[in-house]
Each structure stands twice: as C-alpha cells, then as structure tokens.
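Observations on chain architecture
Take a look at the letters that make up each chain.
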Amino acid sequence: MTTSPTAVSTQAEKGRAFEALHQRDHAFIIPNPWDVGSARLLEHLGFEALATTSAGYAFSLGRRDNSLDRQQTLSYATAIVNATNLPVSADLENCFGDAPKVVAETIRLAGGVGLAGGSVEDATGRSGDPIYEKGLAVERVRAAVEAERALPFPFTLTARAENYLHGRPDLKDTIERLQAFQEAGADVLYAPGLRTREDIAAVVNSVDRPVNVVMGLQGVQLGVAELSAIGVKRISVGSALYRAAMGAFLRGAREMLERGTFTFAADAVTMKEMTAIFID
C-alpha cells in the first residue's frame, strides 16, 4: 500500500502544509476528486493535497457546471475535507455573487468548513458578458484577500483569470489581470486554458506568485518535469479524472447495449483491491 503524507489534524496545520507545498523548487500535482470515495483513493495513492472540481461534482449529480449554489458547493467541499487528512482547496467559481462583499462572505464561509484554500475567478457566469471589468475583478480579489487574512489560520487564496475559457484568448489582458490580482494580495495565480508552453512561460515570468496550471484539457499537454522547469508550482486537472472515469463507464455501457458483451470488466479494479483501500 502506498503511504500517504504525514498526517495533519488541525486546520492551521493543514493550512501551513498547503502553503509550504507552493514554496518548493518543483511543481506538485493537486488532483480533483468529485466525491468521498475518489478523495480517499487519491489520499491512499499518496497525493499531498486535494482540490474540488465544480464541473466534476456537478456532472456527478446530473447537472451542468456552474449550476450549483453556494450551499451545495460548500457542502461538497465539507465532505471532501472530512474524507481525508489532506489539505483541500475549493473551486469557489465566482464566489456566488458579483459584489465584493459577497465574495468576502464566501471566503469566510469556506474557511469555516475546514478548507486550506479556495479560489475567486473573474468569470461572471453570464454568457453575454462572461468576464468582469478589470476594476471590479480586482475589487473582488481584494475583498477575498481581506476576508482570507482575517481568518485565524493560514488560507491560500487563488485568483483566476478566465479569459481563455470564455473565448477570449488575450494573453496580454490575462497577464495584466493576474498582475493586478497579485497586487491585490492573491497568494496563487491561475489562468485556466492556456494553449501553449510559451503562454504558460509568459504568465509565470510576468508574476512573482506561485502559478497553477490545469492539465487534462484539450490543447497543450506537458508533464510535471516540463512544467517545473518553466516555473509552475501547482498542477490541477479540473474535471479530467471524473471525465476519464465516465469514459470507461460509457465504453462499458455501450459495449453491453450495442454488442451484448462484457469484456470491459477485464480492466475493472478488483473487489479485493477496493475493499482493502476502504478498510476503516
């Protein structure tokens, strides 16, 4: 059995451990479980921290991404926090409101459920007007930072610039937003959907905060060693693990329906292995 990292019990210890992961000279992978079982599997394998996935969790409920409210999102985050001894950072989308005071309240509530970190993004959730004006986006990050710093334990705030996920592949504007978020006090910076190694390097070289990138989307596919060499500090995978699991599920279901055969089960994990992992 793979041993998990040294157990930490208090929220302050988890917060300090999570901060420390970002200060190393190489990148770490923060995988995204969608439920308690997948969280426990990732801890068993030896990952050092976990992040929630808004899309993976929504899909697991038969819902679209960005369709869950704050209480549903925090309930999911609470379940992941309680599932393992690992630090957990939450995808808090746009913090469930436009106003900076709503963002601040979401960060306070996130801290209250045991999270070691969380994110605020500049996406509005509205298709006709997908990205907040930069001034308001910075105000929202500043409000999140003030709420984070008022918490009685370390909390790592990630500020996200969402241009590339919303049909706006503007590297200059994305970098300017990340730099402004840095000046507002964000601890980690993140621009999901960057398309090339050169774009990732440009972002990393333009800021002096740890940078998160997401792998498992369409486009650029780089390994941990390559991303570390660029200067990336954290690598998440969003909903990729959930979608990979559903890929196997759908292939098996289609085989049964269309061919009347069951060869898919040859690749399934055994009952014995699963039972051994989930022994209390």
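An account of the accompanying structure is given in this report. (Residues numbered from 1 in each chain as written. Predicted model: local features only at pLDDT ≥ 70, side-chain atom pairs only at ≥ 80, totals over all residues. Heavy atoms only, no water.)

A word on the overall build of the chain
- What the chain contains, in helices and strands, is 11 helices and eight strands.
- Computed over its C-alpha atoms, the radius of gyration of the chain comes to 19 Å, within 12% of the 19 Å expected for a compact globule of 280 residues.
- In terms of its C-alpha atoms, the chain occupies a principal-axis envelope of roughly 55 × 40 × 40 Å.
- Taken across its 280 residues, the chain has 49% of its residues classed as buried.
- Long-range contacts, defined here as pairs at least 24 residues apart, represent 66% of the contacts in the chain between residues at least 6 apart.
- Accessible surface, the chain as shown: approximately 13300 Å² in total, 54% of it carbon and sulfur.
- Each charge class in the chain was averaged separately, 28 positive and 34 negative side chains, and the resulting centres sit 1 Å apart. (Helix = DSSP H or I, 4+ residues; strand = E, 2+ residues; numbered from the N terminus. Rg over C-alpha atoms; globule rule 2.2 N^0.38 Å. Buried < 20%, exposed > 50% of the residue type's maximum accessible area, 1.4 Å probe, protein only. Contact = heavy atoms within 4.5 Å. Areas by Shrake-Rupley, 256 points an atom, 1.4 Å probe, with all protein chains shown as cover. Lys, Arg positive; Asp, Glu negative; His and termini not counted. Charge placed at Lys NZ, Arg CZ, Asp CG, Glu CD.)

Quick word on the packing of aromatic side chains
- The full count for this structure, using the stated rule, is four aromatic pairs.
- Judged by centre distance (6.2 Å) and plane angle (40°), the ring pair of F59 and Y242 falls under tilted. Within this pair, whereas F59 is found in helix α3 (residues 54-60), its partner Y242 is found in helix α10 (residues 240-259), the two being separated by 183 residues in sequence.
- Classification of Y242 by relative accessible area gives buried; the value is 9%. (Phe/Tyr/Trp six-rings, centres within 6.5 Å; stacked < 30°, edge-to-face > 60°.)

Remarks on the layout of surface pockets
- The space that makes up the largest pocket amounts to roughly 850 Å³.
- Lining the largest pocket are 42 residues, and of these S54, D65, D91, E121 and R160 sit closest to its centre.
- Among the elements of the structure, α3, β3 (88-90), β4 (117-121), β5 (156-160), β7 (211-214) and β8 (234-236) are those that each provide at least two residues to the lining of the largest pocket.
- For the lining of the largest pocket, the residue count by class is 15 nonpolar, 18 polar and nine charged.
- Reported here for the second largest pocket is a volume of approximately 240 Å³.
- In terms of lining residues, the second largest pocket is bounded by W34, L41, A245, A248, F249, V269 and M274. (1 Å grid on protein atoms, 1.4 Å probe; cavity = no way out; pocket = protein on both sides within 12 Å on 5 of 7 lines; lining within 4 Å. Points joined across faces, edges and corners; volume = space filled by probe spheres on them. Nonpolar A, V, L, I, M, F, W, Y, C, P; charged D, E, K, R; others polar.)

Focus: the nonpolar core
- If you look at the biggest cluster of nonpolar residues, it comprises 62 residues, and the most contacted ones within it are F181, I200 and L227.
- Not counting residues within four places of it along the chain, the set of residues in contact with L227 comprises I200, V213, M215, L222, V232 and I235. (Core = buried A, V, L, I, M, F, W, Y, C linked by side-chain atoms within 4.5 Å.)

Thoughts on the side chain of E162
- For E162, the position within the fold is in the loop between β5 and α7 (171-184).
- A polar atom in the side chain of E162 sits 2.7 Å from the side chain of R160.
- Residues contacting E162, with those up to four places away along its chain left out, are E121, D122, A123, I131 and P192. (Polar contact = N/O pair within 3.5 Å; in protein donor to acceptor, adjacent residues only side chain to side chain.)

By themselves these figures say nothing about function.
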